[in-house]
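Spelled out, the chains give:
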Amino acid sequence: MLLALVELLAALCLALALVRRATPPKSLLLPGALSLLLGLGLWSAGYIGVRLAGAGPGLASAIAAVELAAAAWLSRGRERLAPAASAGEAPRALRLAFAACLAVALTAITEHVLRLPDGAWDGWMLWTSKARFLFRAGDDVTPMFSPALAEAQFRTHPDYPLLLPGLVAQGFALAGGESPWVPALLSVLFAALCVALLLALLRELRGPRAALVAACALLTTPVLIPLAAAQCADVPLAAFVLAATGCLLLAARDPAMASRWLLIGGLFAGLAAFIKNEGIACFAALTLSLVAFPAGLRSRARWRERSCWLLGAAPALALLVWFKLSFAPPNDLAQVPPGAALARVFDWARLAQVALAIARRLVYFQDWALHLLGAAALLVSLLLRRGRAALGAVKPAAAAVALIFAADALALLVTPHELAWQLKSLDRLIFQCWPATLLWLSLLPEARGLEPPLEAVGLARPVAPVLLQSARR
C-alpha cells in the first residue's frame, strides 16, 4: 500500500512539473486536469512495466525515485511565463445552466453506480478480471496470457493493453483489497476529467462562455452516463484523446511553447494507445494529422516540434510494442486474411449496413438526443458560409477526429464476427472522439455568440429527462 502511494505521488509530481513548464503560473484548472490525467497514466504504465519485467519492489522504487528527481529538475529550471490573461465571466444564466447539468449528471451517475457497482460486462472484461489477476499474482504474470485464455480472447481480450487494469490493481493496493468501488470510482473520475478538460481547454482557448456551452453539451450527452457507469474503457480513452487534441491546439496557438505542448501531447497520445487496441488507431490518427497539417503550428521548426511529439509518445509506445510482441496473443482482426478483409471492405451490402447504422445514430434519441445531428448541422452551416477557411487552425484536430472515426468504421467492416452484433458497440466508438469533436467545433471562427450551437447540441430541450432516461437504462 505504501509503495503504491509513493508511486502515485511521484507520477503526479512529474506530470505537474511537465504541464507547469508550458502553462502560466496563475492558471489552475487546465494544469490541474492535465496533470491528474497524465499522472494516472504514468502511474499505471510504470506499474505494468515492473509487472511485465517480473521485477519486485526495488524496480518500482527506482522508477518512483527517477520520476521525483525529474520533477524536481523540471521545477527548478522553469522560467517565468506570462500570467494567463483574464477571460472574463460567462453570463449568469449560462453558469446556472451548467450547474443544473452538472447536478443532474452527478445524480444520475451516482444512482447508477450505487445500483450496479460492478459495472457491465465490458468493465469486467477489460478492467476488473485482469486487475484481480495482477493484484493476486506474484512476480510472474505470464499465465495471464496462456493459450487457454487466448482461445477465449473474444470474451476477455488478453491482447488488449493493460493501462486500465494496472490502474485498478494499484487502486486495489491502496484500498487494501479488491473493493468493487475502486473501478467504479476510477470510471466516474475519468468521466469527470472529460468534462473538466473540455471546460479548461476551451476556457484557455476561447473563453468561459464557449467553455460552459461545450461542457453542458458533453454533460447532456445521454450516452455519457451509461458508458461511465458501465466502466467502459472508451471513457478514459476519450479523455486521453481530448487531452492530446487539446495539446495540438495549444501548440498551434502558442508557437513559443509548441515544443513543450507537443511533448505533453505525445505523452497523452502514447498512453491512449496503451488503453485498448482502438487507442493505437487514435495515436496513429493524431500523429498523421500533425504531419498532414503542420501549418497549424505557425512555426518554422516543424520537424523539431514533430520530434517532440514522438519523443513524448516513445515510452508508452515502447511498452506497448514489448507487450504486443512478448506477451499478447494475436488480435482477432489480425487473423483475418488480407484477401478476405479487402473483400469485406468492398462488399456494398456490408458498406450499406455500416453506413445506415452510423446514420441512425445521428437521430437516435435514447443514446445521443440529436447531439450528433446538431453538431453535423453546425459544421455544415459554418463550412457553407466560410468554406474550407472556416476550419483555420483547428485542421489538425478535425483531421484527427475524422481519421479516428474512419479507422473505427474500417475495423467494423473487416471484423470476423457477426456485423450486426459488432455494430452494437458503435456508440462507444463514436464517444471516443466526441469530447474532442466538441472541442474543435467550439473553436470554429464563426461560432460567436453561441446561441445557435447552444440550441443545436440539445440544450434547448429539458436536461433532466434526457439524463434520467439514460440512467434508467
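For the structure itself, consult the block above.
Residues numbered from 1 in each chain as written. Predicted model: local features only at pLDDT ≥ 70, side-chain atom pairs only at ≥ 80, totals over all residues. Heavy atoms only, no water.

Participant: Just checking my understanding: could you explain the overall build of the protein for this structure?
Facilitator: Counting its regular elements, the protein contains 25 helices and zero strands. Counting across all 473 residues of the protein, residues that qualify as buried make up 55%. The contacts in the protein between residues at least 6 apart in sequence include a share of 84% that link residues at least 24 apart. Carbon together with sulfur atoms contributes 68% to the accessible area of the protein, which is approximately 19,600 Å² in total. (Helix = DSSP H or I, 4+ residues; strand = E, 2+ residues; numbered from the N terminus. Buried < 20%, exposed > 50% of the residue type's maximum accessible area, 1.4 Å probe, protein only. Contact = heavy atoms within 4.5 Å. Areas by Shrake-Rupley, 256 points an atom, 1.4 Å probe, with all protein chains shown as cover.)

Participant: Mind showing me how you'd approach a nonpolar patch on the surface here?
Facilitator: On the surface, Leu2, Leu5, Val6 and Leu9 cluster together into a nonpolar patch covering about 350 Å² of accessible area. You can see Leu9 is positioned in helix α1 (residues 2–20). (Patch = residues over 30% accessible without salt bridge, like charges linked within 9 Å, V, L, I, M, F, W, Y side chains within 5 Å. Salt bridge = Lys/Arg side-chain N within 4 Å of Asp/Glu carboxyl O.)

Participant: I would appreciate a short explanation of helix α13 (residues 258–273) in the present structure.
Facilitator: Residue pairs three or four apart in sequence face the same way in an α-helix, which turns once every 3.6 residues. End to end, α13 covers 22 Å across 16 residues, agreeing with the expected 22 Å (1.5 Å per residue, within 8%). For α13, a buried count of 14 out of 16 residues is recorded, marking the element as mostly surrounded by other parts of the structure. (Expected span 1.5 Å × (residues − 1).)

Participant: Just to check I follow, could you spell out the nonpolar core for this structure?
Facilitator: One broad rule of soluble globular proteins: the nonpolar side chains tend to lie buried together. If you look at the biggest cluster of nonpolar residues, it comprises 150 residues, and the most contacted ones within it are Phe190, Trp261, Phe268 and Phe431. In terms of residues, this core owes the most to one element, helix α9 (residues 181–205), which gives 15 residues. Residues contacting Trp261, with those up to four places away along its chain left out, are Ala22, Thr23, Leu30, Leu34, Cys247, Leu250 and Ala251. (Core = buried A, V, L, I, M, F, W, Y, C linked by side-chain atoms within 4.5 Å.)

Participant: Even after reading the chapter, I still don't get the environment of Leu5, so can you show me in this structure?
Facilitator: Tracing the backbone shows Leu5 in helix α1. For the pair Leu5 and Gln170, spaced 165 residues apart in sequence, the C-alpha to C-alpha distance is 8.7 Å.

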